[in-house]
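Residue-level structural notes
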Amino acid sequence: MILTEQSVGTQLSLSLYQRMLVIRRFEESALDLFSKGLITGSTHPCIGQEAISVGACSALKSTDLVLATYRGHGVALAKGVDAKIAMAELLTRETGCCKGRGGSMHLCDIACGLLGTNGIVAAHIPIAGGVALAAQLRRSGQVTACFFGDGAACEGEFFETMNMAALWKLPLVLICENNGWAISVPVSKSQSTPDIADRAKGFGMPGVTVDGNDVLAVREAVLSAAAAARQGEGPTLIECKTVRWERHSAFSSGKPVDPEAAQRWRKADPIPRFAQSLLDAGLSRAALDEAEREATEEVRQAVEFAVNSPLPDAASVHEGVFAPPDQPLGISGLKKRPGNGLAESF
Ligand SMILES: Cc1ncc(C[n+]2csc(CCOP(=O)(O)OP(=O)(O)O)c2C)c(N)n1
Ligand SMILES: [Mg+2]
């Protein structure tokens, strides 16, 4: 089920739980496929961070827009991208959401409102600002959510975007996934203050810090930020504190930098933690087991679909790279500009 803010009660709780499990199984499978040589380049798991993408996307409408990082498989799956076409993209297959041109770091599915995951740290933050500006100018009522890491929060684009977004009251929700690390640099060696959310103050916009391993806390924060954005009150910065369990990416060498800390972090796993709160609230173990079974099956089918899909034909390598010069943009009020194909999809 695609999560929406309309979902309520038991159904919503089970959906949140199941979607986190789909992401967990998806990432475990991606690491396995990488080890078998079926994923080239690398793949960056969001294992342990599932509560952020699921909590946040459950607070958005299906017409809202999201942009994320190379560690963005969870955002894609939480926003409704089919696990089959996402997995096929990781394996660079013709059936992938970008016809195999993007791979693990570059997923895009405009029909689901996923306007791209990005390999360049922070580069998508100003793009998200531009997307939010477009929605504001078109009075579409859409909110744009931009997911990025603690490392990206040190880049200039982040500050420039906060400034313009606050000045123009853009319908933008900036979601920092503070997982404690930028490759091998801990936040203690890269951040001048304990809370990244404090940076919002300097731009006159709200900034909140939430437990990023608590799916309901993330959902609440994004519901409130999205409502404010839709009412014309402008952007919010939400810092979700979480932990990176795994190496930076499958390609990175070595073990987690601090194995003892890694052990502690596993105790903060958002999935069993949410399961326990559902059991405490009266949901049955059988219902949770069924959700887990369905999640595992969904990913099993995705892997099967991807592995059995063809690679793109080498002769088609230029397709989808450049827009035909006569392609209409399709944005009301904008003049047709040859060569710009992306906006056609808005
Ligand atoms: C502009 C830019 N600089 C450096 C890199 C290399 N790089 C890739 S990921 C990464 C760390 C980013 O850390 P963070 O923003 O915290 O995201 P996380 O990987 O923890 O999710 C770096 C430095 C890059 N891809 N782009
Ligand atoms: Mg990080």
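A brief look at the structure comes next.

**Points about the pairing of strand β8 (residues 236-241)**
Within β8, five of the six residues are buried, which leaves the element mostly enclosed by the surrounding structure. Note that strand β4 (residues 172-178) and β8 share six bridges and pair parallel. Looking at the pairing, Cys-176 lines up with Glu-239 of β8. Sheet topology places strand β7 (residues 207-211) next to β8; five bridges connect them, and they run parallel.

**Quick notes on the coordination of the magnesium ion (ligand 2)**
The magnesium ion (ligand 2) binds to the protein through Asp-150 (OD), Asn-179 (OD1) and Trp-181 (O); the donor distances cover 2.0 to 2.3 Å. Here the donor residues of the magnesium ion (ligand 2) are spaced in sequence according to D-x28-N-x1-W. Like Trp-181, Asn-179 is buried.

**What to know about the environment of Ala-200**
Considering the arrangement of structural elements, one finds Ala-200 in the loop between β6 (185-186) and β7. In this structure the C-alpha to C-alpha distance between Ala-200 and Thr-236, which are 36 residues apart in sequence, comes to 7.7 Å.

**Focus on the pattern of salt bridges**
One pass over the structure, following the stated rule, counts 17 salt bridges. Residue Arg-25 pairs with Glu-28 through a salt bridge whose shortest N-O separation is 3.3 Å. Of the two residues, Arg-25 and Glu-28 are both situated in helix α1 (residues 9-35); the distance of three residues between them amounts to about one turn of the helix. Glu-28 gets classed as partly exposed once you look at its relative accessible area, which sits at 36%. Through salt bridges with shared partners, a single network forms among Arg-24, Glu-50 and Asp-269.

**Here's the deal with unusual backbone geometry**
For Lys-99, which is not a glycine, the phi torsion comes out positive at approximately 55°. Inspection of the secondary structure assignment puts Lys-99 in the loop between α4 (83-90) and β2 (114-118). Look at Lys-169: it is not a glycine, yet its phi comes out positive at around 50°. Along the polypeptide, Lys-169 turns up in the loop between α6 (156-167) and β4. The exposure class assigned to Lys-169 is partly exposed, which follows from its relative accessible area of 45%.

**Some remarks on the packing of α4 against helix α10 (residues 285-307)**
Axis separation between α4 and α10 bottoms out at 8 Å; the angle between their running directions is 45°. Between α4 and α10, the interaxial angle falls into the category oblique. Every pair of crossing elements has a handedness; the one defined by α4 and α10 is right-handed. Residue-level inspection shows Ala-83, Lys-84, Ile-85, Met-87 and Ala-88 of α4 in contact with α10, the latter providing Glu-298, Gln-301, Ala-302, Val-303, Phe-305 and Ala-306.

Scoring rules and cut-offs
- Residue positions are counted from 1 within each chain, in the order its sequence is given.
- The order in which chains are written sets their letters, starting at A; the order in which ligands are written sets their numbers, starting at 1.
- Selection of residues for local features in this predicted model requires a pLDDT of at least 70, selection of side-chain atom pairs for listing and counting requires 80 or more, and totals for whole chains, interfaces and linings are taken over all residues.
- Side-chain measures here rest on the full set of heavy atoms in the structure, leaving out hydrogens and waters.
- Using a 1.4 Å probe on the protein chains alone, a residue whose accessible area is under 20% of its type maximum counts as buried, one over 50% counts as exposed, and one in between counts as partly exposed.
- Every helix listed is a DSSP run of H or I at least four residues long, and every strand listed is a run of E at least two residues long, numbered separately from the N terminus.
- Think of it this way: DSSP has to see at least two bridges between two strands before they count as a pair.
- Note: metal donors comprise N, O and S atoms at 2.8 Å or less from the metal (3.2 Å for Na, K and Ca); water molecules are not included, so apparent gaps in a site are possible.
- Salt bridge, as used here: a side-chain nitrogen of Lys or Arg that lies within 4 Å of a carboxyl oxygen of Asp or Glu.
- For helices, the fitted axis covers only the stretch in contact; all axes are lines through C-alpha atoms, and the angles between them, taken along N-to-C directions, range from 0 to 180 degrees.
- Here the word oblique covers every angle except those under 35 degrees (roughly parallel), over 145 (roughly antiparallel) and from 65 to 115 (roughly perpendicular).
- By definition, any crossing whose near helix is turned counterclockwise from its far helix by less than a right angle is left-handed, and any crossing with a clockwise turn is right-handed.
- Throughout, a residue-residue contact means that at least one pair of heavy atoms, one from each residue, lies within 4.5 Å.

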